Amino acid sequence: MTALLLPALLALCVLSALHARVNVYDAFVRGAGEGLRTLVSIAPYLAAVFTAVSLLRTTGLMDAAQALLAPLLARAGLPAECASVLLLRPLSASAAMGAAAELMAVCGPDSRAARLTCVVCGASETVFFTGSLYLGAAGVRRSRYAVPAALAAYLAGVLAAAQLV
Amino acid sequence: MGMNGIFCALLLCGVVYAAATGQADAAQRALLSGGEEAVGLCLSLAGAYAFFGGVMGLMRESGLASGLARLLHRPMRLLLRFAPGEEAALADICMNLAADMLGMGNASTPAGLRAMRAMADAQPQPGHASGAMLLFLVLNTTSVQLIPTTMIGLRAQAGAAQPADIVLPTLLSSAVSCACGVLLCRLMEAREGARA
């Protein structure tokens, strides 16, 4: 059923572009170019994350840390493997992405831990980065309750995901 | 910010742990493999980024994205309760949130920053963050996700049976966090208002 989602999305976009008399080919090519440039721009961030994560993984420190956190996470219905991504997600999108790719390679993409991780990553944002960017742009001196509220909302999303997946 | 400290701590902990447990050799190999893994991942993600980029291009140029943004105008005006002068940011706010919902992450930032500056300009004292500004920021970090593009691509390259099967749980989970964000902002704004 979900296999139809992307073809249907594409068909919808093509039809609406035709309706708006937009050159579909040109619009697609421009967008694809932007997508590929984005990918190139995040490659160095991924390299940094993979360097740290594979160091922690091969030396066994990652497993030790996860075993330590496992009882706490289990109480919220979360597998221990998710810990690294859950902690990285509010800090950096590419870091979380790298850790999620690593997790899928280790646990398998259709394991509960992998699906849950993907849902959490998809449903959330980089709270700290977005916060400093937006507040900085507006010259805000005191962000008051913004960051605690955003983090609490992130946590609520994680707990909801644990029930949904 | 933030990430710098975490990165240093991870690397130093890893190196110290490797030395203490006599795994210098494994650590060395792991350190040299990071870039290769990153480039490998990027190559296998190229298809998804090109496809979703193309779809986003169509959404933007056909007016689908701005159509969704227009749909958001009325609910956002009700939700954000603009102070005088802040409403000038409404169009940019809606464009930003619509782009976020559609997974056009990078395209949404310029409109979001414009909206934030426009609202900041309307403040009586400079440097003050109004309730609408903070709620917009929280909406931005918890935005409802209709198409989690990156994660679908990541699952496809990892060989998932149904890469797009996370769409519904992602939508619901992001809706929960968005609702919580709005609720918390309301509560805290009311509490600070009562204290002042």
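Conventions and cut-offs
- Think of each chain on its own: its residues are numbered from 1, step by step along the sequence as written.
- Chain letters and ligand numbers both follow the written order, the letters beginning at A and the numbers at 1.
- Restriction of local features to residues with pLDDT of at least 70 applies here, the model being predicted, together with a cutoff of 80 or more for giving and counting side-chain atom pairs; totals for whole chains, interfaces and linings are based on all residues.
- With hydrogens and water set aside, each side-chain value is computed from the structure's full complement of heavy atoms.
- Numbering of helices and strands runs from the N terminus; a helix is a DSSP stretch of H or I covering at least four residues, while a strand is a stretch of E covering at least two.
- Using a 1.4 Å probe on the protein chains alone, a residue whose accessible area is under 20% of its type maximum counts as buried, one over 50% counts as exposed, and one in between counts as partly exposed.
- The contact criterion used throughout is that any non-hydrogen atoms of two residues lie within 4.5 Å.
- Per-residue and other accessible areas were derived by the Shrake-Rupley procedure at a 1.4 Å probe size, with only the shown protein chains allowed to occlude residues.
- Under this rule, positive means Lys or Arg and negative means Asp or Glu; His and the chain ends count for nothing.
- Where a charge lies is defined by one atom per residue type, namely NZ (Lys), CZ (Arg), CG (Asp) and CD (Glu).
- Here the expected length of a helix is defined as 1.5 Å per residue gap, with one fewer gap than residues.
- We define a salt bridge as a side-chain nitrogen of Lys or Arg found within 4 Å of a carboxyl oxygen belonging to Asp or Glu.
- Counted as a polar contact is a pair of N or O atoms within 3.5 Å, where, for protein atoms, one must be capable of donating a hydrogen and the other of accepting one, and residues adjacent in sequence contribute only when both atoms are in side chains.
- Fitting a line to C-alpha atoms yields each axis, with helices limited to the stretch in contact; the angle taken between N-to-C directions then spans 0 to 180 degrees.
- In a left-handed crossing the near helix is turned counterclockwise from the far helix by less than a right angle, and in a right-handed crossing that turn is clockwise.
- Each residue receives one of three labels: charged for Asp, Glu, Lys and Arg, nonpolar for Ala, Val, Leu, Ile, Met, Phe, Trp, Tyr, Cys and Pro, and polar for the others, Gly being one of them.
- Ring pairs are drawn from Phe, Tyr and Trp, using the six-membered ring of Trp, whenever the two centres fall within 6.5 Å, and their geometry is named by plane angle: stacked under 30 degrees, edge-to-face over 60, tilted for the rest.
- Buried area adds together the accessible area that both of two parts lose upon being put together, with accessible area traced by a 1.4 Å probe.

A.B. asks: So what about the overall build of chain B? Which residues, and what values?
C.D. replies: Helix and strand counts for chain B stand at eight helices and zero strands. In chain B, the succession of helices and strands from N to C terminus is α-α-α-α-α-α-α-α. Its C-alpha atoms put chain B at 65 × 45 × 30 Å along the principal axes. Evaluated residue by residue, chain B yields a buried proportion of 46% over its 196 residues. Sequence separation of at least 24 residues holds for 66% of the intrachain contacts in chain B that already meet a minimum separation of 6. Of the roughly 8800 Å² of accessible surface on chain B, a fraction of 66% belongs to carbon and sulfur atoms. Across chain B, the mean location of the 12 positive side-chain charges is 8 Å away from that of the 12 negative side-chain charges.

A.B. asks: Describe the environment of Ala164 of chain B, with residues and values.
C.D. replies: Its place among the elements puts Ala164 of chain B in the loop between α7 (149–157) and α8 (167–195). Residues Ala164 of chain B and Gly153 of chain B, spaced eleven residues apart in sequence, show a C-alpha to C-alpha distance of 8.7 Å. Setting aside residues up to four positions removed in sequence, Ala164 of chain B forms contacts with Thr2 and Leu5 of chain A together with Ile152 of chain B.

A.B. asks: Quick one: what's the story with helix α8 (residues 146–164) of chain A, residue by residue and with numbers?
C.D. replies: Look at α8 of chain A: 27 Å from first C-alpha to last across 19 residues, which is about the 27 Å you get at 1.5 Å a residue. Looking only at α8 of chain A, the buried set comprises Ala146, Ala149, Ala150, Ala153, Tyr154, Ala156, Gly157, Val158, Ala160, Ala161 and Ala162 of chain A. Against α4 (83–88), α6 (112–123) and α7 (127–137) of chain A together with α6 (131–141) and α8 of chain B lie the buried residues of α8 of chain A.

A.B. asks: Which residues make up the pattern of salt bridges, and what values do they have?
C.D. replies: According to the stated counting rule, one finds twelve salt bridges over all chains in the structure shown. As a salt-bridge pair, Arg60 of chain B and Glu34 of chain A come within 3.3 Å of each other at their nearest N and O atoms. Taken together, the residues span two chains, with Arg60 of chain B in helix α2 (residues 24–62) and Glu34 of chain A in helix α2 (residues 24–59). With relative accessibility at 31%, the residue Arg60 of chain B sits in the partly exposed group.

A.B. asks: Hey, could you go over the side chain of Arg144 of chain A for me, with residue numbers and the actual values?
C.D. replies: When you line up the elements, Arg144 of chain A lands in the loop between α7 and α8. Residue classification places Arg144 of chain A among the buried residues on the basis of a relative accessible area of 18%. A distance of 2.7 Å separates polar atoms of two side chains, one belonging to Arg144 of chain A and the other to Glu192 of chain B. Leaving out residues up to four positions away in the same chain, Arg144 of chain A has contacts with Ala129, Ser130, Gly131, Leu134, Glu189 and Glu192 of chain B.

A.B. asks: Just give me the short version of the packing of α7 of chain A against α6 of chain B, but keep the residues and values in it.
C.D. replies: The relative placement of two packed helices comes down to the angle between their axes together with the axis-to-axis distance. At a closest axis distance of 10 Å, the pairing of α7 of chain A and α6 of chain B adopts a crossing angle of 145°. Every pair of crossing elements has a handedness; the one defined by α7 of chain A and α6 of chain B is right-handed. Every residue of α6 of chain B that contacts α7 of chain A at Val127, Thr130, Gly131, Tyr134 and Leu135 of chain A is listed here: Leu134, Phe136, Leu137, Asn140 and Thr141 of chain B. Grouping the amino acids of the contact of α7 of chain A with α6 of chain B by side-chain chemistry returns six nonpolar, four polar and no charged.

A.B. asks: Break down the packing of aromatic side chains for me, with residues and values.
C.D. replies: Across all of its chains, the model carries two aromatic pairs over all chains by this definition. A ring pair is formed by Tyr134 of chain A and Phe136 of chain B, whose centres lie 6.1 Å apart and whose planes are at 50°; its orientation type is tilted. Taken as a pair, Tyr134 of chain A in helix α7 and Phe136 of chain B in helix α6 lie in two separate chains rather than in one. When sorted by exposure, Tyr134 of chain A lands in the same class as Phe136 of chain B, which is buried. When the ring of Phe51 of chain B is compared with that of Phe52 of chain B, the centres are 5.3 Å apart and the planes differ by 65°; the resulting orientation is edge-to-face. Residue classification places Phe52 of chain B among the buried residues on the basis of a relative accessible area of 6%.

A.B. asks: So what's going on with the interface of chain B and chain A? Residues and values would help.
C.D. replies: Taken together, the contact between chain B and chain A spans 95 residues of the former and 89 residues of the latter. Together, the buried faces of chain B and chain A total about 7500 Å²; carbon and sulfur atoms form 74% of this surface. Linking chain B with chain A are six salt bridges, by the criterion used here. Salt-bridge contacts for Glu61 of chain B lead to Arg30 of chain A; the nearest nitrogen and oxygen are separated by 2.8 Å. Inspection of the region where chain B meets chain A yields 18 residue pairs in polar contact (both at pLDDT 80 or more). Of all the secondary structure elements, the ones that give two or more residues to the side of chain B that touches chain A are α1 (3–20), α2, α5 (105–121), α6, α7 and α8 of chain B.

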